Amino acid sequence: MAHFSRRDFLKTGLAAGVLAGTGGVTLRAARGTATDWVTLGRSGVKVTRLAFGTGTMSGQVQRDLGQEQFTRLVRYAYDKGIRFYETAESYGEMHKMLGEALKGVPRDSYRLMSKVTTRQGVDPQEKIDELRKLANTDYFDILLLHYQHVASWPTDSARWQDGILEAKSKKAVLGYGASMHGLPALRQAPGNKWLEVAMIRMNHKGIRMDAEDYNTGGPGNVSEVVTHTKQVRSEGMGVISMKLVGEGAFTAREDRQAAMRFAFNNAGVDSVTVGFKNTAEVDEAIENLNLALA
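Residues numbered from 1 in each chain as written. Predicted model: local features only at pLDDT ≥ 70, side-chain atom pairs only at ≥ 80, totals over all residues. Heavy atoms only, no water.

## So, the overall build of the protein chain
Each helix and strand counted, the protein chain has 12 helices and 10 strands in total. Residues classed as buried in the protein chain amount to 53% of the 294 residues present. For the protein chain, long-range pairs separated by at least 24 residues make up 77% of all intrachain contacts whose partners lie at least 6 apart in sequence. Approximately 12200 Å² of the protein chain is accessible, and the part contributed by carbon and sulfur atoms is 50%. (Helix = DSSP H or I, 4+ residues; strand = E, 2+ residues; numbered from the N terminus. Buried < 20%, exposed > 50% of the residue type's maximum accessible area, 1.4 Å probe, protein only. Contact = heavy atoms within 4.5 Å. Areas by Shrake-Rupley, 256 points an atom, 1.4 Å probe, with all protein chains shown as cover.)

## Observations regarding the side chain of E89
Here E89 is to be found in the loop between strand 4 (84-86) and helix 5 (94-101). A polar contact is formed between the side chain of E89 and the backbone nitrogen of T117, at a distance of 2.9 Å. Residues within four places of E89 in sequence aside, it is in contact with H95, S114, K115, V116, T117, R119, K127 and L131. (Polar contact = N/O pair within 3.5 Å; in protein donor to acceptor, adjacent residues only side chain to side chain.)

## A look at the packing of aromatic side chains
A complete count under the given rule lists six aromatic pairs for this structure. With a centroid separation of 6.1 Å and an interplanar angle of 80 degrees, the aromatic rings of F52 and F70 are classed as edge-to-face. A residue pair is termed long-range when its members are at least 10 positions apart, and F52 in strand 3 (residues 50-53) and F70 in helix 4 (residues 66-79) qualify at 18 residues. F70 carries the same exposure label as F52, and that label is buried. Taken together, the aromatic side chains of F52, F70, Y85, Y110 and F276 make up a single cluster linked through ring pairs. (Phe/Tyr/Trp six-rings, centres within 6.5 Å; stacked < 30°, edge-to-face > 60°.)

## Some words on the pattern of salt bridges
Counted by the stated rule, this structure contains 22 salt bridges. For E130, the salt bridge identified is with K127, shortest N-O distance 3.2 Å. In this pair, E130 and K127 are both assigned in helix 6 (residues 124-134), three residues apart and thus about one turn of the helix distant. When salt bridges that share partners are traced, they join E89, R119, K127 and E130 into one network. (Salt bridge = Lys/Arg side-chain N within 4 Å of Asp/Glu carboxyl O.)

## Considerations on unusual backbone geometry
Positive phi values are uncommon outside glycine, yet S58 reaches one of about 60 degrees. Within the secondary structure, S58 sits in the loop between strand 3 and helix 3 (60-63).

## Quick look at the pairing of strand 5 (residues 111-116)
Summarising burial for strand 5: six of the six residues are buried, a large majority. Burial along strand 5 is two-sided: the face carrying R111, M113 and K115 and the face carrying L112, S114 and V116 are both buried. Across three bridges, strand 4 lies against strand 5 in parallel orientation. Pairing of F84 across the sheet is with R111, part of strand 5. Handedness of the β-α-β unit built from strand 4, helix 5 and strand 5 comes out right-handed. Direction of pairing for strand 5 relative to strand 6 (residues 140-148): parallel, over a ladder of four bridges. Bridge pairing in strand 6 places S114 opposite L143. What joins strand 5 to strand 6 is helix 6, and the crossover it makes is right-handed. (Pairing = 2+ DSSP bridges. Right-handed = clockwise from strand over helix to strand, strands pointing away.)

## Concerning the side chain of R132
By the element assignment, R132 lies in helix 6. With relative accessibility at 17%, the residue R132 sits in the buried group. The contacts of R132, once residues within four sequence positions are left out, are T137, D138, Y139, F140 and A172.

## As for the sheet that holds strand 9 (residues 238-242)
Here we have eight strands rolled up into a closed barrel, ordered 3-4-5-6-7-8-9-10, and parallel in their pairing. The mean inter-strand angle of the sheet, taken between neighbouring strand axes irrespective of direction, is 25 degrees. One ladder, built from two bridges, connects strand 3 with strand 4; its direction is parallel. Bridge pairing links G53 to E86 in strand 4. Strands in contact with helix 10 (residues 222-234) are strand 8 (197-201) and strand 9; relative to strand 8, the strand with the most contacts, it is inclined by about 165 degrees. (Axes fitted to C-alpha atoms, helices over the stretch in contact; angles between N-to-C directions.)

Here is the structure:
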């Protein structure tokens, strides 16, 4: 099979053609539920609005459950209609634990997203194959470049972008994009022709959100983050948001509800990921999102 590079992709009119066909994007989410299937922009990948995250405190919270309890929680969420699961290379054993938890579940009944660390000296194809094997899957529905946090990331990660496109040509990846941290990195998303999906930190208080310093301990710039989110959606990208509970900072339910409303009704995201440690949190997140969409 011929190698299809990022540069080949950008030289074609494909991105422009798809973008032209998207037209205007309505930023307010249509009335619906947390478990509705929605399309992530020009990736064409359909996911449930609510995703099961496995990266709370870099996955420590989920790992501490142990495989048996984690499997029960994954299956509980599945039975409740959450069919979108996300993990990352940096989350320790979570690829393996998630693959075990979903063993025997029809692969076409759920969507799986992974995030790959863009290290130098690592072969992208070998890493993608390794992660697929760990997750017990033939393909990732979405693969993101993880933790892009400097303004030069579109150039710095070119080799990984090529690698993901090659994996897509082999059907090992269906949709792709990047998770961005910090305003210098996020500002590179609007107008980026390679990106199909953008993962963006989002909540109403700016907790653990993007600022000039990607690792700031203070509040992020909510207004600018929302502006860029609306820009990329208008360009046809799918948007998944994270940090909906401020990485555990929102201990009051009204704040968790407000974060859901803000993400969908103010920023206009497509999907959100929340890390869970028990069934009560699954039930609450579904209810909070349903209320936000009502």
